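Next come the chains, spelled out residue by residue.
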Amino acid sequence: MTKTSLAAALALACPIAASAAVPQAAPASASSSALPSAPAPSASAAAAEPAATTKFNGVVTIVGSRPTSLPTEIPTTIASLTAADIERTVNATDSEDALKYFPSLLVRKRYIGDYNHAILSSRASGTGNSARSAVYADGILLSNYLGNGVGGLSFPPRWEMVTPEEIDRVDVMYGPFSAAYPGNSVGAVVDYVTWMPTRFEAHAKVGVDHQAFDLYQTHQRYDAWQTSIGLGDRVGALAWWIDASHTDSQGQPLTFATRTVASGTAGGAPAVSGAVAGINAGGQPWWILGTGTQYRTRQDHVKVKLAVDLTPDVRATYLVGLWRNSSDGNPASYLRDAAGDPVTTGPIRIGGSTYPALTGADFAVTRESLLHEMQGLSVKSHTGGRWEWEAAASLYGYRRDDKRQNAASNPIPAAFAGGAGTLADGSGTGWNTLAARGTWRPFGLRGAHVMDFGVQQDSGRLSYLTSSIAGDYLTDDPGATVSDVGGRTRLRSAWAQDLWRVAPGWTAVLGGREEHWAAYDGATAFSAVSSQSFPARRVDAFSPKAALSWQATKTTSLKASVGRAVRMPTVSELYGATSTTNSQYVNDPNLAPERSWTGELTAERDFDHAIGRLTLFAEETRDAIYSQTLFDETAGKNVSRVQNIGRIATTGLEAAFDSQGWLAARLGLSGSVTWTESKIRGNAGFVAAPGDTIGKWQPNIPRWRATALASYRFTPAWSASLGARYSGRQYRTLNNADVHGDAYMGVSPYFTMDARALWKFAPRWTAAFGIDNLNGDRYWNFHPYPQRTCSAEMKYDL
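For clarity, every value in this text was computed on a predicted model and none was experimentally measured.

Criteria and thresholds
- Residues take numbers from 1 onward in each chain, read along the sequence in its written order.
- Reporting of local features is limited, given that this is a predicted model, to residues whose pLDDT is at least 70; pairs of side-chain atoms are given and counted only at 80 or more, and all residues count toward the totals for whole chains, interfaces and linings.
- Side-chain numbers here rest on the full set of heavy atoms in the structure, without hydrogens or water.
- Helix numbers and strand numbers start at the N terminus; a helix is a DSSP run of H or I with at least 4 residues, a strand a run of E with at least 2.
- Note on exposure labels: buried denotes an accessible area under 20% of the residue type's maximum, exposed denotes more than 50%, and partly exposed covers the range between, all computed with a 1.4 Å probe on protein chains only.
- Working definition of accessibility: Shrake-Rupley area with a 1.4 Å probe, residue cover restricted to the visible protein chains.
- In the sections that follow, a salt bridge refers to a side-chain nitrogen of Lys or Arg positioned within 4 Å of a carboxyl oxygen of Asp or Glu.
- Only strands that DSSP links by at least two bridges are regarded as paired with each other.
- Here, the term nonpolar core denotes a set of buried Ala, Val, Leu, Ile, Met, Phe, Trp, Tyr and Cys residues that are joined through side-chain atoms within 4.5 Å.
- Any two residues whose heavy atoms approach within 4.5 Å are treated as being in contact.
- Think of pLDDT as the predictor's per-residue confidence, scored from 0 to 100.

## As for the overall build of the protein chain
In terms of regular secondary structure, the protein chain is built from five helices and 41 strands. For the protein chain, the proportion of its 798 residues judged to be buried stands at 58%. Here the protein chain has roughly 29,300 Å² of accessible surface; of this, 60% comes from carbon and sulfur atoms.

If you want it as structure tokens, here you go:
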């Protein structure tokens, strides 16, 4: 079947929703266990090493010979998902999709291949706080701590360095309760462990996705194609693996050109038609004039992993990964003149009022070219005896990171062919890590004490030069400097924690982390002759950790954890301004570190075929670092300012449930419900907009969220799953001024359902069909989320 015919078939199965307009008022003038359990691992996997996780006395133990960022034993909430679970229950086009049904987690993924806005949210950390979570793959840091969120630049984890097909297991630890992690672990720690073969293997997969999108005056279908191949073998002491994939994805429009009704004046500008009346996030009437940031992205991923057993108890692992992205962002105007031709420039008249002239800033054209590289090396023992040790190093670098964009004076359609613009060059940006750690079991594997300890250094460099181009921004070399921002940070840490089996059924962990942070070489320039340098800064911080677990009965365990986390400012927050006048992003080189105390109480019960968990959690954060984004009417653009928030207090209750064979032998059921109250309790420095923030909700934290997932095995060859995700009302601004969430720049509640069917129609062949957002919900997180999306895939395994 050809691409065209398969896309046509999906289009019939996944029609555009009924064309009713999004409800808008017209302007006045117009768990640790609460996830699906995995089937038994393959014979080759079972022979390679013991099971991935075990549980005893309420403590989850991570075992195995391959690198992982997680500590040996964790007496706190941890949840896991295996490759078999993902294949059977999740329509996974990107690695972050594996987190869809984890309790209290959300990834702000806007389309397939979203490389610059897919931020992870957790219990008390919203989708604007990427620096409050830690994402690793095979122990290598994927989180980008050069910035936080998506302000003047974007800093999501580098999810694209892991493909869904290479995931062997993903583990999530909630909260900053292990001394092995920096303060960025305050929200959650995600660790992907990827596949290593024990015999010759070959895997190939092809998939197509089709989104039916209907919003405002956009009624389009957007397709994505993905192919991947994996090859590997183990010969004696050497194992190798090669994973390659290609994605060609068209996303829906993400931004919109607008004018508030209040900005209209009397005048004789040419009349236009096609504007859509609506209400903006602040509750004000406005006009939607057209779309922007509709990406077509082409991505290639290649990874090579080598593992060699130096001795029966010591393994060395090396990997190198390359990710290449070519992305086109295109706009389109809804407006038409009297002759029916598109209107993209000049003053416009709508409903008798004249509005500020359209420019190239309303309809931005972008062309991006990126090439990123990741390398990692680790040597690790796995004796299971008294001593274990590991040494590891990693490097993530931006070899090429170019973004070309038309100037405000260069509107479409001329901008599609060239003309004036800018080039933003991030090459040279990146980070590296060094770590050494050990484990001492003076009384053996199940002895009274297990001591983990280590030292680490994490270093990062930000370098972004934006230049103007007077001729052809699509091809010409950079000209005069528009902005040049950069700087470095370094975090050196020493940590230790002792797991103490106090008495039968009782386990305690006491630990601490000492950190020395430095920021230096910070500089900002807005021309070749105007620059500002910032003095170096240093901060020392100590973060204690404690946890206690009690196996109250054979089926019931109780756990308590408390930990301090100090989240240091990122380079972008300190030095990353992008303009001087009507700035798009205003940094603060004097930001204080963010200091959080987090605690949780958990009760977990094993009901034979089901496990239930109830967790009470609380967090108090002083000097929370926030980038507050507001729309500047004068500049006609969003402005973000970084500031410390005095105090944010969060309390919540999380319930999670998982069963296999409880109601029926082949039925799996899991779900979670989270209630959270997260309020701003102190904020003396809020001056970016009118309105008090005291007592207001922390941005992007809903009061309620929930997940549910049911899977059923009809036969050994057939299985199906049905999932649901819910998130309640939330706000994006610190003063909760965005009262209307169902609009561009708003954050809305949502309820979506997902379905997947898996069919193993031959010994080596598997087919799957899925639908995400089955119910066709239209919902927002500043940008519109995807609407109903159908997928089909075929996989071959040798």
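## A word on the pattern of salt bridges
Under the definition given, this model contains 36 salt bridges. A salt bridge links K305 to D138, with the shortest nitrogen-to-oxygen separation between them at 4.0 Å. Of this pair, K305 sits in strand β16 (residues 285-311) while D138 is found in the loop between β7 (134-137) and β8 (140-141), placing the two residues 167 residues apart along the sequence. Each member of the pair K305 and D138 is classed as buried. The salt bridge partner of E165 is K205, with a shortest N-O separation of 2.8 Å. You can see E165 sitting in the loop between β8 and β9 (167-174) and its partner K205 sitting in strand β11 (residues 201-215), a full 40 residues away along the chain. Among the residues examined, K205 registers a relative accessible area of 17% and is labelled buried. Each of R132, R567, E573, E594 and E619 takes part in a single network of salt bridges with overlapping partners.

## Remarks on the pairing of strand β19 (residues 353-358)
Taken together, the four bridges between strand β18 (residues 346-350) and β19 define a ladder with antiparallel strand orientation. Within β19, the residue paired with I348 across the bridge is Y355. What sits between β18 and β19 in their antiparallel hairpin is a turn of two residues, with G351 showing a positive phi close to 60°.

## A look at the nonpolar core
Of all hydrophobic cores here, the largest spans 70 residues; its most connected members are L99, F102 and Y192. Apart from residues no more than four positions distant in its own chain, L99 is found in contact with L105, V107, L120, W159, V170, V172, V190 and Y192. Core analysis: the second largest hydrophobic core is formed by 18 residues, V261, V365, A415 and I469 among them.

## Digging into unusual backbone geometry
With an omega dihedral of 5°, the bond running from I412 to P413 counts as a cis peptide bond. With respect to the element layout, P413 can be found in the loop between β21 (387-406) and α4 (414-417). Although it is not a glycine, D521 adopts a positive phi angle of roughly 60°. Along the polypeptide, D521 turns up in strand β26 (residues 506-527). At F782, a residue that is not glycine, the phi angle is positive and equals roughly 65°. Among the structural elements, F782 can be located in the loop between β39 (780-781) and β40 (783-784).

## Concerning the environment of M753
Assignment of secondary structure puts M753 in strand β37 (residues 750-762). By relative accessible area, which is 24% here, M753 ends up partly exposed. Remark: the alpha-carbon pair of M753 and D777, spanning 24 residues in sequence, is separated by 8.9 Å.

## Remarks on the sheet that holds β7
One open sheet holds the five strands; their spatial order is β4-β9-β10-β7-β8, and the pairing between them is mixed. For this open sheet the edge positions go to β4 (78-82) and β8, each flanked by a neighbour on one side alone. Two strands pair when backbone bridges link them, and β9 and strand β10 (residues 188-194) are joined in this way by seven bridges, in the antiparallel orientation. Within β10, the position partnered with V170 by the bridge is Y192.

## Quick notes on the confidence of the model for the protein chain
One rule of thumb: low pLDDT means the predicted coordinates there are not for detailed reading. Overall, the predicted model of the protein chain reaches an average pLDDT of 89, with 87% of residues at or above 70. Predicted confidence is poor over residues 18-52, with pLDDT under 50, and the contacts of this stretch with residues over four places away or in other chains come to 94 contacts. Throughout residues 56-69 the model reports pLDDT below 50, and contacts reaching past four residues in sequence, or to other chains, amount to 74 contacts.

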